[in-house]
Amino acid sequence: MSLLAQVDSVKAEALGALASAADLPALEQAKGAYLGAEGRFTALMKQLGSLPREERPAAGKTVNAAKAEIEAALGARRSELELRAAVPREPADFTLPGRRRPSGRLHPLTQVTDDIVRAFRRLGFAVADGPEIEDERHCFDALNTPVDHPARDAQDTFFLDQPSRPLLRTHTSSVQIRVMEKQQPPIRIVIPGRVFRRDNADATHNPTFHQIEGLYVDKGVTVGDLKGTVEAVFRELLGDDVKLRFRPHYFSYTEPSLEIDFTNALVRKLGKEWLEIAGCGMVHPKVFENVGYDPEVWSGWAFGFGIERIAMLRYGITDIRLFYENDSRFLAQF
Amino acid sequence: MKVTLNWLREHVDFAWSPEELSERLTLLGIEVEGVQKLSGEFEGVVVAQVLSRDKHPNADKLSVCRVADGQGERQIVCGAQNFKAGDKVPLILPGSVLPPKSGETQPFAIKVGKIRNVESHGMMCSAAELGIDPVATGHVAEDGLLILRPDAVVGQPLAAYLGRAAGDVVYDLEITPNRPDLNSIVGIAREIAALTGNPLRVPDADLPAVAVDAKAPVVVRLEAADLCPRYTARVLRGVRVGPSPDWLRSSLEKVGLRSINNVVDVTNFVMLETGQPLHAFDLDLLAKLDGVPTLVVRRAAAGEKFVTLDGVERTLAADSLLIADPGKGIALAGIMGGRNTEIQPTTKDVLLESAWFQPTNIRRTGKSLGLRTDASYRFERGADIGIAEYAGRRAAALILATAGGSVDGDVVDAYPAPVAPRAVALRNHKVGELLGIALPVAEIEGHLRHLGLQPSARTPAATDEDGTVVDAPVSWTIPSWRVDLKREVDLIEEVARLHGVDKIPSTPPRGAKGSHPYDAVHDVLMEVRRCLAAMGLDEAQGQTLVGDALARAASPDVVALANPLSSDMNVLRPSLLPGLIDTLRHNASRRNGDVQMFEIGRVFVQSGGQTREGWRVAVALTGRRDAPFWSGADRDAKCDVHDAKGIVEELAERLGIRGVAWSRRAEPTEFWVESATIALGGKQELGQLGQLSPALARRNDLRDPVILAELDLGLLLARRNASRSFKPLPGFPSSRRDVAMIVAESVTHDAVLAAVKGAKAQNLETVELFDVFRGKHVADGHKSLAYAFTYRAADRTLKDDEVQAAHARVLEALKTGVGATLRE
């Protein structure tokens, strides 16, 4: 048989061997049998040199074309077998639960507080803070709360077991005094914080709870400014459909003093017309005098409310104690 | 626009240095874009008078003289012989240089020095030293000093004495588009006059009286009065066109204009001086109508061709304004004259135009032709219609002075509808309301008067004597050059400029952001919360009031209530941990066994009789580490102390805190079964971390290990470092060497790191622990540690032997430093 005839038949055999290799090791074995150093096709190539000179170019071309064909077939079969080998033995069940990387949740009181703070900051307020252990001056006297005022009753306030009778602040208003003692107007602050009242815990009371209040002192501040800011904050907090009502009230540290009721679809769903939400008023001149501001020059307003109350309304929570139990199933809901 | 110091000084007095002038102009709203000092001739050379002449003590041919220089007396040592006391001579002051003589490359600088031990403060000069021809300048040629004329003024610059150019300063000013009046020397001088209160010297424009001829020398026909509401023309006859005198040429050249001839130079000079562009025509080249030269101001025919002075033939649009004679266009109005009527050396009779053209039309024509000139620049912005006649008169006077000739007839002033001066009302109290300062009425009105405004509705006498602000508005007549003053607030701005904006005190921002130190803390606390939540921890909010039993186990320094409600709420929390343990207990009782939480809150401790509150952050972990999953050997692994430590490390890194050190407590405590204290910078106590004592855990129904950590948040915040800076990414490959070794159980990771650090191995980038093993093949009381060491240089690929050498040092340090037995 001529060399060229042998090339054709060995090529056909090689292609057949590659195609029938069932896995990658078998494929490599087939490759060795034909293209390896001792392979059959390699042996044919070695015979090229023994041909007459004039036959060599044509024969060389034929042999090379055949070799390229075998190598292409080898590459294609290898890719096919590799892909087959990579497919997992068992199919993945994509309906199985994934491997979770759970992120934690911020406490609902933190979330509500930050939302309120953000609403105030948008209006140019800075966040302020003060101590939770207070003295009577900052908590009551400077705020124009008379000695016989019920708020000062030991029944309602926690005192520390110390001779100077420090107390746990009953409202964040004590921070107003601390800031005004240190800074000159204009003042524009929002004060979130913990406060304490000597109430036994029940569905609506906890001895520890949170308040937030705003204080604005400048020249020419009016009740109109107060109403405008309160409305802006509550619209942001409770939605644009919220309606507010201001009722005259009494707080010792504001004059005039107002209570704020609100209503929206949620309130009406609760079967009520209005819900009380906050207290406010124009800072009492006596308070300004107590911190050394001239009430003839400066005017201002303050308003404050309970954070738990807002959170309970927002999420429909009916028991304040849930906030402090930190049940992980509760926390995971916010 | 360019102005020079000396030119301004011709029109107003001011005592400012060149630098101060810059500053003042800038604060007036005229920005100085560039300042160029021009040195004059004989800089530093003044006229001096010899007061006495004595022989030098150490030299026969020298004399020691006392000399007056106009400022004081100086001692000068001099070698010349041709002078005596009383003579006036040129004196060059120390710090100045003599002009270089031919052949010299370095000018000769004069310094204070000693000549034969006698100090000399300057040098008296010869004509040769100054490079002056003595005879040509009217002096006697002789050896020695140049003896000046006896009438020379002592102290005068020699340049002034000789009539040569003196130094000057050129200011390049940026004139805002609303103030076309400032595109002139007079305009700038007027601002300086208003600021200083010194009078403005307006250039003279006196012409010899001429008999008013019955026949006008020229006729002006305004056919487009909407585009040219005013056109003035003057005729000068018998003018000799020639080069300009030195003062005229130098004035133009200093501000960047080329000198052409005396007539054209005068028109440019007056434009620079007054802001009014002018044009001079050769009258004899104008066509006549009925024997009289006639000017027609008309719109061009669409497509009309016209060759401007620059020789370019331009095709005009129908709305271009042309100055024409009865037969042809002779000037592109307000932009450029025509070649056909240009002033030439042979010109005898001159027609001088001074007009006012409508700005938008000039702008449109100039833009469509791509032609912008000094004239169009000024007309575009709005010239002063009120000075058209004056500026022409001023130019005529200067042409007579520089080129001779005479005025023929009176001016022709075509101004069919004179513009009435505008009036703007100002309520003086509005000035204070807008500026925020109380200015006396006298000051307000003084500033406006200085700018040329006149109160028309109220006499100055009605001004309040005590200077209080009154409500009655004052109507101010606006001068024709101030096209920008249109309403009250424009006048207030003028008052602010002249009063000085820098003198208006700043007041705190109104309605702006409030401020409190806690504002920034709030943000960091939120950042810490989000960071911990991102690591999978839920946030808890515990009670501030806790029971004293658990509280005292956590900290002995508790603050007790005087009037507690109950024994489980009778003290303030000294730590967040008791509250968190309570939270774990609550969850365990609800069968929530896997809890990972944090809390941020305040704690209260008694120390030294003082009650202190401080922020803390605490972490509590119990139960399974990972979320439930259905596969994996470690899936039910419980949390251990390394979980809590990883959280603390991650938080510290996020806050940019370094130098956190951990030290294990040797013995269990009542609270902890095993724990570590955490310190910052080796000193300050940051907190603690560990596993809760099983007795306490059991008491709270907690079965799995309870891992707790608590940090002083105040300290964390104080040490927080929020700044980040980029380090270039490595550009060269690293080499890694792994080391496994056996060490005694007492050898800590920190001790290994310290030993490695002590090796000072070059290019060691990172050291990473990747395995800790006890058991098979490791003796009791020992452990196997495996570390990966990465070597990398920033500037090259490390060679293998370099890495090998560095790594050998590390291995040696491990053997000697921590007694490591290396595992091969």
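Residues numbered from 1 in each chain as written. Chains lettered and ligands numbered in written order. Predicted model: local features only at pLDDT ≥ 70, side-chain atom pairs only at ≥ 80, totals over all residues. Heavy atoms only, no water.

Enquirer: I'd like to hear about unusual backbone geometry, residue by residue, with values.
Expert: Cis geometry is found at the peptide bond from Pro185 of chain A to Pro186 of chain A, where omega equals 0°. As for its placement among the helices and strands, Pro186 of chain A is situated in the loop between α7 (173-182) and β4 (187-196). A cis geometry characterises the amide bond from Glu255 of chain A onward to Pro256 of chain A, with omega recorded as 0°. Looking at where Pro256 of chain A falls in the secondary structure, it is placed in strand β7 (residues 254-263). The backbone of Arg116 of chain B sits at a positive phi, close to 50°, despite the residue not being glycine. Inspection of the secondary structure puts Arg116 of chain B in the loop between β9 (113-115) and β10 (118-120). Residue Arg116 of chain B is classed as exposed on the basis of its relative accessible area of 54%. In this model, Asp290 of chain B sits at a positive phi of 55°, which is unusual for a non-glycine residue. Considering the arrangement of structural elements, one finds Asp290 of chain B in the loop between β16 (288-289) and β17 (292-299). (Helix = DSSP H or I, 4+ residues; strand = E, 2+ residues; numbered from the N terminus. Buried < 20%, exposed > 50% of the residue type's maximum accessible area, 1.4 Å probe, protein only.)

Enquirer: Describe the sheet that holds strand β35 (residues 672-680) of chain B, naming the residues involved and giving the relevant values.
Expert: Residues and elements named next belong to chain B. In spatial order, the strands read β28-β32-β33-β37-β36-β35-β34; together these 7 strands make up an open sheet with mixed pairing. A single partner strand is all that each edge strand has here, and the edge strands are β28 (538-539) and β34 (660-664). This element, helix α14 (residues 518-534), spans β28, β32 (595-607) and β33 (610-622) of the sheet and lies at about 140° to β32. (Pairing = 2+ DSSP bridges. Contact = heavy atoms within 4.5 Å. Axes fitted to C-alpha atoms, helices over the stretch in contact; angles between N-to-C directions.)

Enquirer: A description of the interface of chain A and chain B should follow, citing residues and the corresponding values.
Expert: Listed as interface residues are 58 residues of chain A and, on the opposing side, 54 residues of chain B. At the junction of chain A and chain B, the tally comes to 5 salt bridges. Residues Arg121 of chain A and Asp519 of chain B are paired through a salt bridge, measuring 3.0 Å at the closest nitrogen-oxygen approach. The greatest single-element share of the side of chain A that touches chain B, amounting to 5 residues, is contributed by helix α5 (residues 108-122) of chain A. Partitioned by chemical class, the residues of the side of chain A that touches chain B number 25 nonpolar, 16 polar and 17 charged. (Salt bridge = Lys/Arg side-chain N within 4 Å of Asp/Glu carboxyl O. Nonpolar A, V, L, I, M, F, W, Y, C, P; charged D, E, K, R; others polar.)

Enquirer: Describe helix α20 (residues 749-759) of chain B, and please don't skip the residues or the numbers.
Expert: Spacing of three or four residues puts side chains on the same side of an α-helix, whose turn is 3.6 residues. Residues and elements named next belong to chain B. Buried within α20 we find Val752, Ala755, Val756 and Ala759. Seen end-on, α20 carries its buried residues on one side only, within an arc spanning 100°. Exposed side chains of α20 directed beyond 90 degrees from the buried face belong to Lys757 and Gly758. Positive phi appears at Lys760, one or two residues downstream of α20, with a value of about 50°. (Arc of directions from axis to C-beta.)

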